[in-house]
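Single-letter residue listing:
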Amino acid sequence: MLSNLRIFAVSHQTIPSVHINNICCYKVRASLKRLKPHVPLGRNYSSLPGLIGNDIKSLHSIINPPIAKIRNIGIMAHIDAGKTTTTERILYYSGYTRSLGDVDDGDTVTDFMAQERERGITIQSAAVTFDWKGYRVNLIDTPGHVDFTLEVERCLRVLDGAVAIFDASAGVEAQTLTVWRQADKHNIPRICFLNKMDKTGASFKYAVESIREKLKAKPLLLQLPIGEAKTFKGVVDVVTKEKLLWNSNSNDGKDFERKPLLEMSDPELLKETTEARNALIEQLQTAIHRVTLAQTAVPVLCGSALKNKGIQPLLDAVTMYLPSPEERNYEFLQWYKDDLCALAFKVLHDKQRGPLVFMRIYSGTIKPQLAIHNVNGNCMERISRLLLPFADQHVEIPSLTAGNIALTVGLKHTATGDTIVSSKSSALAAARRAEREGEKKHGQNKEAERVLLAGVEIPEPVFFCTIEPPSVSKQPDLEHALKCLQREDPSLKVRLDPDSGQTVLCGMGELHIEIIHDRIKREYGLETYLGPLQVAYRETILNSVCATDTLDRTLGDKRHLVTVEVEARPIETSSVTPVIEYAESISEGLLKVSQEAIESGIHSACLQGPLLGSPVQDVAITLHSLTIHPGTSTTMISACVSRCVQKALKKADKQVLEPLMSLEVTVARDYLSPVLADLAQRRGNIQEIQTRQDNKVVIGFVPLADILGYSTVLRTLTSGSATFALELSAYQAMNSQDQNTLLNRRSGLT
């Protein structure tokens, strides 16, 4: 079909975009029907990607620009640093919206969920596609709240570069460190944007120093601010030695002028700029691009998204300094050659179109009606329609090539982290090439296998609560809603309580579970009831114990007989799943037929510990002997092993482990004492107290059980002026007094 689309390259003639549908050519009309955007009422959106102003590009270049002209970038930062506001300005200046959205007004493009607009925070990562000066930019706005860290993680997995946004009055904050480490893990080149330069307390020097000290990064100052806080009016381009001044009478920040720096009018500013420029002189433009890609330094720009200053130069920096897909080195691409290889990194459920799957295409081409093979699910599926994502607006397109981010309709089984290829034979061929490559590197085949199925690491939940439907008849509807939400959000875990039969929700935090509960009500029309929020404890053992068990059961005319002896012992290294070992006396032949059943039984036994019924961790299970009567089913083997491991765990000295959170509280000096006194009552362990401008930053650890509802208490103590950030640090052993109190409370004795 693409061969017919050249008709859009109309001999250098410009045609107003409103008249496109009147072009007398059935091929063009047919193409445009497929390209019709779904635009809801309420916001004023501009034309399709590439159709900016009155210029019309060829449809092929609109859909599939040259790979060198593609930028897949993410926006990441601490909560409330201005990520979504910056995104809104980017969309406005690139011509994709005709009015400026505001987080406080709840009318932003990328925060399209009702919960996001009510709370003024980003929960899901919204993908936006736009053009800037001949470049195609696929931009993802990610959450800064710690409860939604997985959203950041799964998007960084598919990006080529990122913009890290900082509050210029606060510099590097708690969640900034987290997302920076995530970007380090995926080797993502970054540029820094010091936002809120107009805010009281904004300090360019302080923010840059915090990047250098806390992130251990080398800042390249491409801009200097002209004024700070209330006096901020523009920036100096260090590379060109020009002032960029925004017109104070302009409401939308589109009008700004470039002026050369002159010694007569700006002697001090020229001196500062010259000093900064001397540090850059060896690394201009191409060199800046190179060091950014190598991650040996990070370009630093500044501005104020809210006051519409500094966004256009930021977009220029994205296209100049961040990499195109072909500049990123993905080792697994050599195994697929030019075959299709894509990664599903997000799933959404749409009431009309069903599951929508976001994919990053690494090689090959995706088209509607294409049959694809899901490597993780080992199944074939068919893509019915292909869309270009524009937040919650979607433009239907005929094909998409490598380097792009696509939105597909029709995939019923694909989930977050699944690898998508053209066929099973293509996956096998890639695996063989990877295996050969691994053998060359001293038999490192496991690495090849891991990359082939590369996905997203799912963090373990720290909170859980029961959830009940309004009536028994609504239970299937609740199960359907939870199934859909789990596919969208892999950090949400759902399980059945074996004792009560109740459905249990497991999530990353109070806000996470609150949002899930709200979405079930709004999107699925179910008034569900949540039980009290409980902490996800874990258990371990303190000494080695042995146990034996025999299962002897006759079903029909068949006898099932198994005898097992196991040893359970504690291990020093932290391991969420049990380490399984086999004694030398266990024959290979026996393991060949029963290993899967044995390990299934061990894992099953460790899911519920003897103290609280919490998962058991940091243990090694050794199988010393196994006797199986001929004809015994694998189910009976698994059941006997599970019962024997549970017996061993009960015999051992047991220990409850509780989640320990790293805490950072930013508070005014006047309120420091009551905050510290409150943390002492919560078993808090203060590590240090830093000074950040006029505020104090309290850094320490506190058990999760004692920090429930902390936001309300902190608001009361500080008259709403303090902020805090929490992140899971580790699981630590409870002292005997606290453990006994917890066990008595759970058993109803207190």
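Residues numbered from 1 in each chain as written. Predicted model: local features only at pLDDT ≥ 70, side-chain atom pairs only at ≥ 80, totals over all residues. Heavy atoms only, no water.

## So, the packing of helix α3 (residues 83-93) against helix α10 (residues 311-321)
Each pair of packed helices can be summarised by the angle the axes make with each other and by the distance between the axes.
Alright, step 1. Where α3 meets α10, the axes come as close as 10 Å, and the angle between the chain directions of the two elements is 85 degrees. Classified by the angle their axes make, α3 and α10 are roughly perpendicular. Listed contacts from α10 to Thr86, Arg89, Ile90 and Tyr93 of α3 are Ile311, Gln312, Leu314 and Leu315.
Alright, step 2. Each residue belonging to the contact of α3 with α10 can be placed in one class, and the counts come to 5 nonpolar, 2 polar and 1 charged. (Axes fitted to C-alpha atoms, helices over the stretch in contact; angles between N-to-C directions. Helix = DSSP H or I, 4+ residues; strand = E, 2+ residues; numbered from the N terminus. Parallel < 35°, antiparallel > 145°, perpendicular 65-115°, else oblique. Contact = heavy atoms within 4.5 Å. Nonpolar A, V, L, I, M, F, W, Y, C, P; charged D, E, K, R; others polar.)

## Regarding the confidence of the model for the protein
In low-pLDDT segments, the atomic positions of the prediction should not be examined closely.
Alright, step 1. Averaged over the protein, the pLDDT score is 80; the fraction of residues at 70 or greater is 82%.
Alright, step 2. No element of the protein has a lower mean pLDDT than helix α1 (residues 26-34), which averages 31, and none a higher one than strand β5 (residues 190-195), which averages 96.
Alright, step 3. Below pLDDT 50 for its whole length, residues 1-59 participates in 102 contacts with residues either more than four positions away or in separate chains.
Alright, step 4. Throughout residues 115-125 the model reports pLDDT below 50, and contacts reaching past four residues in sequence, or to other chains, amount to 49 contacts. (pLDDT = per-residue confidence, 0-100.)

## What about α3?
Alright, step 1. When you tally the buried positions in α3, you get 11 out of 11 residues, the bulk of the element.
Alright, step 2. For α3, the complete set of buried residues consists of Lys83, Thr84, Thr85, Thr86, Thr87, Glu88, Arg89, Ile90, Leu91, Tyr92 and Tyr93.
Alright, step 3. Count one or two residues on from α3 and you reach Gly95, which has phi positive near 95 degrees. (Buried < 20%, exposed > 50% of the residue type's maximum accessible area, 1.4 Å probe, protein only.)

## A short note on the environment of Gln608
Alright, step 1. Mapping Gln608 onto the fold places it in the loop between α16 (588-606) and β31 (619-628).
Alright, step 2. You can call Gln608 partly exposed: its relative accessible area is 37%.
Alright, step 3. Spatially, the C-alpha atoms of Gln608 and Glu539 are 8.8 Å apart, while their sequence positions differ by 69 residues.
Alright, step 4. Sequence-distant contacts of Gln608, defined by excluding residues within four places in its chain, comprise Pro498, Gly613 and Ser614.

## Concerning the pattern of salt bridges
Alright, step 1. Under the defined criterion, the tally for this structure stands at 26 salt bridges.
Alright, step 2. Close ionic contact of Lys307 with Asp198 constitutes a salt bridge, the shortest N to O distance being 3.3 Å. Here Lys307 is found in the loop between β11 (298-302) and α10, whereas its partner Asp198 is found in the loop between β5 and α7 (204-214), with 109 residues between them in sequence.
Alright, step 3. Since its relative accessible area comes to 45%, Lys307 is described here as partly exposed.
Alright, step 4. Taking the relative accessible area as the measure of exposure, Asp198 reaches 19% and is therefore buried.
Alright, step 5. For Glu209, the salt bridge goes to Arg212, with nearest N and O atoms at 2.9 Å. Highlighted residues: Glu209 and Arg212, both in helix α7, separated by 3 residues, approximately one helical turn.
Alright, step 6. The exposure class of Glu209 is partly exposed, given its relative accessible area of 34%.
Alright, step 7. Taking the relative accessible area as the measure of exposure, Arg212 reaches 37% and is therefore partly exposed. (Salt bridge = Lys/Arg side-chain N within 4 Å of Asp/Glu carboxyl O.)

## Considering the pairing of strand β15 (residues 371-374)
Alright, step 1. Here β15 runs beside strand β16 (residues 379-382); their pairing, made up of 4 bridges, is antiparallel. Residue pairing across strands places Ala371 opposite Arg382, the latter belonging to β16.
Alright, step 2. Between β15 and the antiparallel strand that follows it, β16, lie 4 residues; Asn378 among them carries a positive phi value of about 50 degrees.
Alright, step 3. Sheet topology places β15 next to strand β21 (residues 419-421); 2 bridges connect them, and they run antiparallel. Looking at the pairing, His373 lines up with Val421 of β21. (Pairing = 2+ DSSP bridges.)

## Notes on the sheet that holds strand β9 (residues 242-246)
Alright, step 1. Spatially, β7-β8-β9-β10 is the arrangement adopted by the 4 strands of the open sheet, whose pairing is antiparallel. Looking along the sheet, the strands with just one partner apiece sit at the ends: β7 (223-226) and β10 (256-260). Averaged over all pairs of adjacent strands, the angle between their axes in this sheet comes to 25 degrees, without regard to strand direction.

## Here's the deal with the packing of aromatic side chains
Alright, step 1. Under the criterion given, the structure shown has 5 aromatic pairs.
Alright, step 2. When the centroid spacing of 6.0 Å and the interplanar angle of 55 degrees are considered together, the rings of Phe345 and Phe358 count as tilted. Of the two residues, Phe345 is situated in strand β12 (residues 341-350) and Phe358 in strand β13 (residues 354-363); the sequence distance between them amounts to 13 residues.
Alright, step 3. The class for Phe345 is buried, based on a relative accessible area of 2%.
Alright, step 4. Between Arg190 and the ring centre of Trp180, over which it is positioned, the NZ or CZ distance is 4.5 Å.
Alright, step 5. Lying across the ring of Phe464, Arg495 places its NZ or CZ 5.4 Å from the centre. (Phe/Tyr/Trp six-rings, centres within 6.5 Å; stacked < 30°, edge-to-face > 60°. Lys NZ or Arg CZ within 6 Å of the ring centre and 35° of its normal.)

## A word on the nonpolar core
Alright, step 1. With 61 residues, the main nonpolar core has Met76, Phe166, Trp180, Leu194, Phe204 and Ile211 as its most contacted residues.
Alright, step 2. Other than its neighbours up to four places away in sequence, Leu194 contacts Phe166, Ala168, Phe204, Ala207, Val208, Ile211, Val300, Leu301, Cys302 and Gly303.
Alright, step 3. Listed in part, the 40 residues of the second largest apolar core include Val504, Leu505, Ala536 and Leu657. (Core = buried A, V, L, I, M, F, W, Y, C linked by side-chain atoms within 4.5 Å.)

## A look at the sheet that holds strand β28 (residues 545-555)
The strands making up a sheet are joined through hydrogen bonds of the backbone, oriented either antiparallel or parallel.
Alright, step 1. Here 4 strands make up an open sheet; going across it, the order is β28-β29-β31-β30 and the pairing mixed. Of all strands in the sheet, those with a lone pairing partner are β28 and β30 (579-582), marking the two edges. Each adjacent strand pair in this sheet contributes to an overall mean axis angle of 25 degrees, direction not counted.
Alright, step 2. Sheet topology places β28 next to strand β29 (residues 558-570); 11 bridges connect them, and they run antiparallel. By the bridge assignment for β29, Ala547 is matched with Val566.
Alright, step 3. On top of the sheet, α16 reaches β30 and β31; it is set at about 135 degrees to β31, its chief contact.

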